[in-house]
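# Coordinates in review
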Amino acid sequence: MQKLAIQGGSPLNGEVNISGAKNAALPILCASLLSSDSLHFDNVPELNDISTMCKLLQQMGVTIEANGRQRVLSAAHIDKLEAPYDMVKTMRASILVLGPLLARFGEARVSLPGGCAIGSRPVDLHIKGLQAMGAEIQIEHGYIHAQSKRLKGARIFFDLVSVTGTENLMMAAALADGVTILENAAREPEVVDLANCLISMGASIEGAGSDTICITGTERLHGAIHCIMPDRIESGTFLVAAASAGGNITLTNARADILDNVLEKLQEAGALIKVSGNLINLQMHKRPLAVNVRTAPYPAFPTDMQAQFMAMNTIAEGSSMVVETIFENRFMHVQELRRLGAQIEVEGNTAVIKGCSRLEGATIMATDLRASASLVIAGLAAQGETIVDRIYHLDRGYEHIESKLSALGAQIRRIK
Ligand code: UD1
């Protein structure tokens, strides 16, 4: 199993290019199932989750041509309407094939995702929404078996804001008969990127980015060219790394307009931030100040940035509170951060962190994607050597993280 060895204490300086967003690319790759024409995507990140999604689509019959960051997908001949357990268990986003398959082919068999490290994460909202559109759904042998004649537009209210739930239903509604209105929909920028891709395929969608999305279905969607938006979580992770280790970094190909809450919290921690076009510069030349964080759906503070801010708070001046409201078990990094000397108490969904002036390197274990990023940040800020074990989680969602950090002056290497 691969590990990262980090010699902490070096500030980060220089430029880092931000990759395409994993959470936008995954649903957008699935949108290729909605059309028999080819789709051309650019800025697709090289990540294990993207390879897994491509494999899943290929075993259904989608052909994929790859050229650098470009992918051309064609779903002209689909012979298998199924997402098997082996794939869904490694990547929950596989559920995103359900809506498109059902809408275009009238049938889909998708394994139930089951639990994952950060919580139980059910898919009941996806299922209820498709049922409201006329699908017959049975759960049998651990699979969701959905069947339908042409789906019908419906008014669907989400009890909870769900990002992939909104995306699945938006894709299904694009080929349904009539108008679908999604209420209490997710407002995440990745939902907007997917909507923009669907619109270039000929879909009629209004309101993406607000909590009410109106989709007028059409019988056929056509091919399109779409460039994946920059990854806001990768952007935030590099900024927090520099705020924790100190230094002066500039993100290129980034978008500040979708990072409001994160940038505000970094400024509260004492970082100087300048934005110019698609560049974001952060300077931090002192110990960060502790900042309170409460996760909630976009545009509030993202749960995918919670662990990274917790890492920064462990070495900050003062005490802070981190409240996780989206996932019930997303504090697994706490135990590992404590191994570096962090002082953190957890009570329910709240962590109280007492900042200490230094962490000390140790061997720690990555448990999920964003928790892994927080351990890397802590390792960069700690004194001495930190070994982060089980980094396959990081490779799911961060493109070439160690080479990007090395280029900024971090002493980090992969041990195979
Ligand atoms: C997406 C992101 C993930 C991010 C999360 C929250 C992708 C591929 N993944 O995950 O990185 O952490 O949004 O911003 O985009 N829920 C239900 N029933 C459902 C669906 C969700 O109860 O049918 C609950 C979940 O358990 C969770 C909350 O709703 O507590 C939000 O989950 P959701 O937004 O659906 O997360 P994902 O779309 O899986």
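Heads up: these notes are all about the structure in this document.

How each quantity is defined
- Residues numbered from 1 in each chain as written.
- Predicted model: local features only at pLDDT ≥ 70, side-chain atom pairs only at ≥ 80, totals over all residues.
- Heavy atoms only, no water.
- Phe/Tyr/Trp six-rings, centres within 6.5 Å; stacked < 30°, edge-to-face > 60°.
- Buried < 20%, exposed > 50% of the residue type's maximum accessible area, 1.4 Å probe, protein only.
- Lys NZ or Arg CZ within 6 Å of the ring centre and 35° of its normal.
- Axes fitted to C-alpha atoms, helices over the stretch in contact; angles between N-to-C directions.
- Helix = DSSP H or I, 4+ residues; strand = E, 2+ residues; numbered from the N terminus.
- Parallel < 35°, antiparallel > 145°, perpendicular 65-115°, else oblique.
- Left-handed = near helix turned anticlockwise from the far one by under 90°.
- Contact = heavy atoms within 4.5 Å.
- Near = heavy atom within 4 Å.
- Polar contact = N/O pair within 3.5 Å; in protein donor to acceptor, adjacent residues only side chain to side chain.
- Areas by Shrake-Rupley, 256 points an atom, 1.4 Å probe, with all protein chains shown as cover.
- Nonpolar A, V, L, I, M, F, W, Y, C, P; charged D, E, K, R; others polar.
- Pairing = 2+ DSSP bridges.
- Salt bridge = Lys/Arg side-chain N within 4 Å of Asp/Glu carboxyl O.
- Right-handed = clockwise from strand over helix to strand, strands pointing away.
- Lys, Arg positive; Asp, Glu negative; His and termini not counted.
- Core = buried A, V, L, I, M, F, W, Y, C linked by side-chain atoms within 4.5 Å.

Turning our attention to the packing of aromatic side chains. Evaluated as defined, the whole model comprises one aromatic pair. For the ring pair Phe 301 and Phe 309, a centre distance of 5.0 Å and an interplane angle of 90° mean the geometry is edge-to-face. On the basis of relative accessibility, which here comes to 0%, the residue Phe 309 falls in the buried class. When the ring centre of Tyr 143 is taken as reference, the NZ or CZ atom of Arg 109 above it lies at 4.3 Å.

A word on the packing of helix α1 (residues 22–31) against helix α7 (residues 189–200). At a minimum axis distance of 9 Å, the contact between α1 and α7 shows a crossing angle of 30°. Our classification of the angle between α1 and α7 gives roughly parallel. The two elements α1 and α7 meet at a crossing, and its hand is right-handed. Residues Asn 23, Ala 24, Pro 27, Ile 28 and Ala 31 of α1 touch α7, and the partners they reach there are Glu 190, Asp 193, Leu 194, Cys 197 and Leu 198.

All right, on to the site of the ligand then. Near the ligand lie 19 residues; those nearest to it are Asp 124, Ser 162, Thr 164, Asp 304 and Ile 326. Between Leu 125 and the ligand, the recorded distance is 2.7 Å, taken from a backbone N or O atom to an oxygen atom. Between the ligand and Val 163 there is a distance of 2.8 Å, counted from an oxygen atom to a backbone nitrogen or oxygen. Calculation on the ligand without its partners gives an accessible area of 740 Å², and the protein chains cover 88% of this total.

Close contact between helix α8 (residues 232–245) and helix α10 (residues 306–314) brings their axes to 10 Å; oriented N to C, the two are set at 5°. Put simply, α8 runs roughly parallel to α10. Contacts between α8 and α10 involve Ile 233, Thr 237, Val 240, Ala 243 and Ser 244 on the former and, on the latter, Gln 308, Phe 309 and Met 312. Tallied by class, residues from the contact of α8 with α10 come to five nonpolar, three polar and no charged.

What follows concerns the sheet that holds strand β20 (residues 343–347). Strand order in the open sheet made by the four strands is β18-β19-β21-β20, with mixed pairing throughout. The two strands at the open ends of the sheet, each matched to only one other strand, are β18 (293–294) and β20. With five bridges joining them, β20 and strand β21 (residues 350–354) adopt antiparallel strand pairing. Each bridged residue has a counterpart across the sheet, and for Glu 345 the counterpart in β21 is Val 352. Sitting on the sheet, α10 is in contact with β18, β19 (319–323), β20 and β21, with an inclination near 25° to β21.

Tallying each qualifying case throughout the model produces 17 salt bridges. Between Asp 49 and Arg 396 there is a salt bridge, with its nearest N and O atoms 2.9 Å apart. Highlighted residues: Asp 49 in helix α2 (residues 48–60) and Arg 396 in helix α13 (residues 392–397), separated in sequence by 347 residues. Taking relative accessible area as the criterion, Arg 396 reaches 24% and is therefore assigned partly exposed. For Glu 234, the salt bridge identified is with Lys 404, shortest N-O distance 2.6 Å.

Burial analysis of strand β23 (residues 385–389) places four of its five residues in the buried class, the great majority of the element. Judged from the five bridges that link them, strand β1 (residues 3–7) and β23 form a sheet pairing that is antiparallel. Paired with Ala 5 across the two strands is Ile 387, which belongs to β23. Across three bridges, the pairing between strand β22 (residues 363–365) and β23 is parallel. Paired with Met 365 across the bridge in β23 is Asp 389. A crossover connection joins β22 to the parallel β23 through helix α12 (residues 369–381); in handedness this β-α-β unit is right-handed.

Along the polypeptide, Ile 144 turns up in strand β9 (residues 143–147). Residues Ile 144 and Val 192, spaced 48 residues apart in sequence, show a C-alpha to C-alpha distance of 27 Å. Discounting residues that sit within four places of it in the chain, Ile 144 has contacts with Ile 95, Leu 98, Ala 108, Arg 109, Val 110, Leu 112, Val 123, Ile 127, Ile 137, Gln 138 and Ile 139.

All right, on to the side chain of Glu 336 then. Along the chain, the position of Glu 336 falls in helix α11 (residues 333–339). Salt bridges are absent for the buried Glu 336, whose nearest opposite-charge side chain, Arg 339, sits at 4.4 Å. Polar side-chain contacts of Glu 336 include one of 2.7 Å to the backbone nitrogen of Met 365. If we skip the residues at most four places from it in the chain, Glu 336 touches Ile 364, Met 365 and Leu 375.

With that out of the way, let us pick up the nonpolar core. One finds Val 97, Leu 130, Met 170 and Leu 198 to be the most contacted residues of the largest nonpolar core, which totals 79 residues. Top contributing element to this core by residue count: α1, with seven residues. Setting aside chain neighbours within four positions, we find Val 97 in contact with Cys 30, Leu 33, Leu 56, Leu 57, Met 60, Ala 83 and Val 110. With 68 residues, the next largest nonpolar core counts Ile 6, Ala 243, Leu 263 and Met 312 among its residues.

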